[in-house]
Amino acid sequence: MTRRLFWEDMYAKEFDAKVVSVSGARVVLDQTAFNPRGGGLVSDVGTLDGKRVLEVVKEGEEIIHVLEAQDAVAAGKQVHGVLDWERRYRIMKMHTAAHILSSIVNTETGALITGNQISPDESRVDFDLESFDRSKMSYYIDRVNEAVARALEVKTFFMKREEALANPGFVKLANAMPPSLEMLRIVEIGDVDTQADGGVHVKNTIEIGKVVGLKTENKGKNNRRLYFTVV
Ligand SMILES: [Zn+2]
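For clarity, every value in this text was computed on a predicted model and none was experimentally measured. (Residues numbered from 1 in each chain as written. Predicted model: local features only at pLDDT ≥ 70, side-chain atom pairs only at ≥ 80, totals over all residues. Heavy atoms only, no water.)

1. Considering the sheet that holds strand β11 (residues 154-160)
With antiparallel pairing, three strands are arranged side by side in an open sheet as β11-β12-β13. Lying at the two open borders of the sheet, with one neighbouring strand each, are β11 and β13 (193-196). Direction aside, neighbouring strands of the sheet carry axes that sit 20° apart on average. Pairing geometry for β11 and strand β12 (residues 183-189), over seven bridges, is antiparallel. Bridging across to β12, Met159 finds its partner in Leu184. (Pairing = 2+ DSSP bridges. Helix = DSSP H or I, 4+ residues; strand = E, 2+ residues; numbered from the N terminus. Axes fitted to C-alpha atoms, helices over the stretch in contact; angles between N-to-C directions.)

Given below as structure tokens:
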């Protein structure tokens, strides 16, 4: 299992690690600060010993770094990883904003979140809703910005699976959870949102700045998609 440095310190921009295995362009390290693709988040990119890391993916409990070059590092050797921090920090802001948005829409309408895509430039959340127009979008985005401006602390901790599942609010995207996990990681955003989540977030909502609603789209009968960004 790859040690997840991004859970211990979500602000780690560089790290040292030992190469466990190399298979062509695919590199496994003993530990990494690169957050892999998953839970709707795009993966981090950056470099390992100056060699470009194009994508990072999860396979079971292992994290695979996909490099641009084949056999660019050697198994057993120490390497230095550097994240594209500007991109990663925007992903963190977008992700925390998406949780706040989801929670506010859920509280106001009872709608469940049916999907999300968190990217550095533009993100989106899908809701199981019948109607959702521009004026409603503006209303929800205003509520999100009110929460952001309250400078809420974002805490992460681990909880036994049964305990977390006993609280319905904790698992809003239950199918995103690997069923084998004994302990679930919980992310708590002040009094706004608490849920099981493996992704990276900011420590305080004030770091998000301002959330801007971009557009809404109808994706099927009861599926409304809201696009937003942070500035
Ligand atoms: Zn999340």
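That shown, we press on.
2. Overview of the coordination of the zinc ion
Within the protein, the atoms that donate to the zinc ion are His95 (NE2), His99 (NE2) and Asp197 (OD), at distances of 2.0 to 2.1 Å. Each donor residue of the zinc ion belongs to the same chain, with the gaps between them written as H-x3-H-x97-D. Of the two residues, His95 is situated in helix α2 (residues 85-109) and Asp197 in the loop between β13 and β14 (211-218); the sequence distance between them amounts to 102 residues. For the pair shown, His95 and Asp197 are each scored as buried. (Donors = N, O, S within 2.8 Å, 3.2 Å for Na, K, Ca; no water. Buried < 20%, exposed > 50% of the residue type's maximum accessible area, 1.4 Å probe, protein only.)

3. Some details on the nonpolar core
Residues Phe15, Leu48, Ile100, Leu101, Phe127, Val211 and Phe228 are the most contacted members of the largest nonpolar core, which totals 57 residues. In terms of residue count, the dominant contributor to this core is α2 (ten residues). Aside from chain neighbours lying at most four places away, what touches Leu101 is Val125, Phe127, Tyr140, Ile141, Val144, Leu226 and Phe228. Residues Ala164, Phe170, Ile186 and Ala196 belong to the second largest nonpolar core, which totals six residues. (Core = buried A, V, L, I, M, F, W, Y, C linked by side-chain atoms within 4.5 Å. Contact = heavy atoms within 4.5 Å.)

4. Looking at the sheet that holds β14
Sheet strands associate in pairs through backbone hydrogen bonding, adopting either a parallel or an antiparallel arrangement. Read across the open sheet, the four strands follow the order β9-β10-β15-β14; overall the sheet is antiparallel. Either end of the sheet is taken by a strand with one partner, and the two such strands are β9 (113-117) and β14. Ignoring strand direction, the axes of neighbouring strands in this sheet form an average angle of 20°. In the packing of α2 onto the sheet, the strands contacted are β9, β10 (123-128), β14 and β15 (223-230), and the crossing angle to β15 comes to about 140°. Strand contacts of helix α3 (residues 134-149): β14 and β15, with the helix running at about 145° to β14, the strand carrying the most contacts.

5. Some details on the packing of α2 against α3
Between α2 and α3, the shortest axis-to-axis distance is 9 Å and the interhelical angle comes to 125°. With respect to their mutual orientation, α2 and α3 come out oblique. In terms of crossing hand, the pair formed by α2 and α3 is right-handed. When α2 is examined against α3, the residues Ala97, Ile100, Leu101, Ile104, Val105, Glu108 and Thr109 are found in contact with a partner set consisting of Tyr139, Tyr140, Ile141, Arg143, Val144, Ala147 and Val148. Here the residues of the contact of α2 with α3 are counted per class, giving eleven nonpolar, one polar and two charged. (Parallel < 35°, antiparallel > 145°, perpendicular 65-115°, else oblique. Left-handed = near helix turned anticlockwise from the far one by under 90°. Nonpolar A, V, L, I, M, F, W, Y, C, P; charged D, E, K, R; others polar.)

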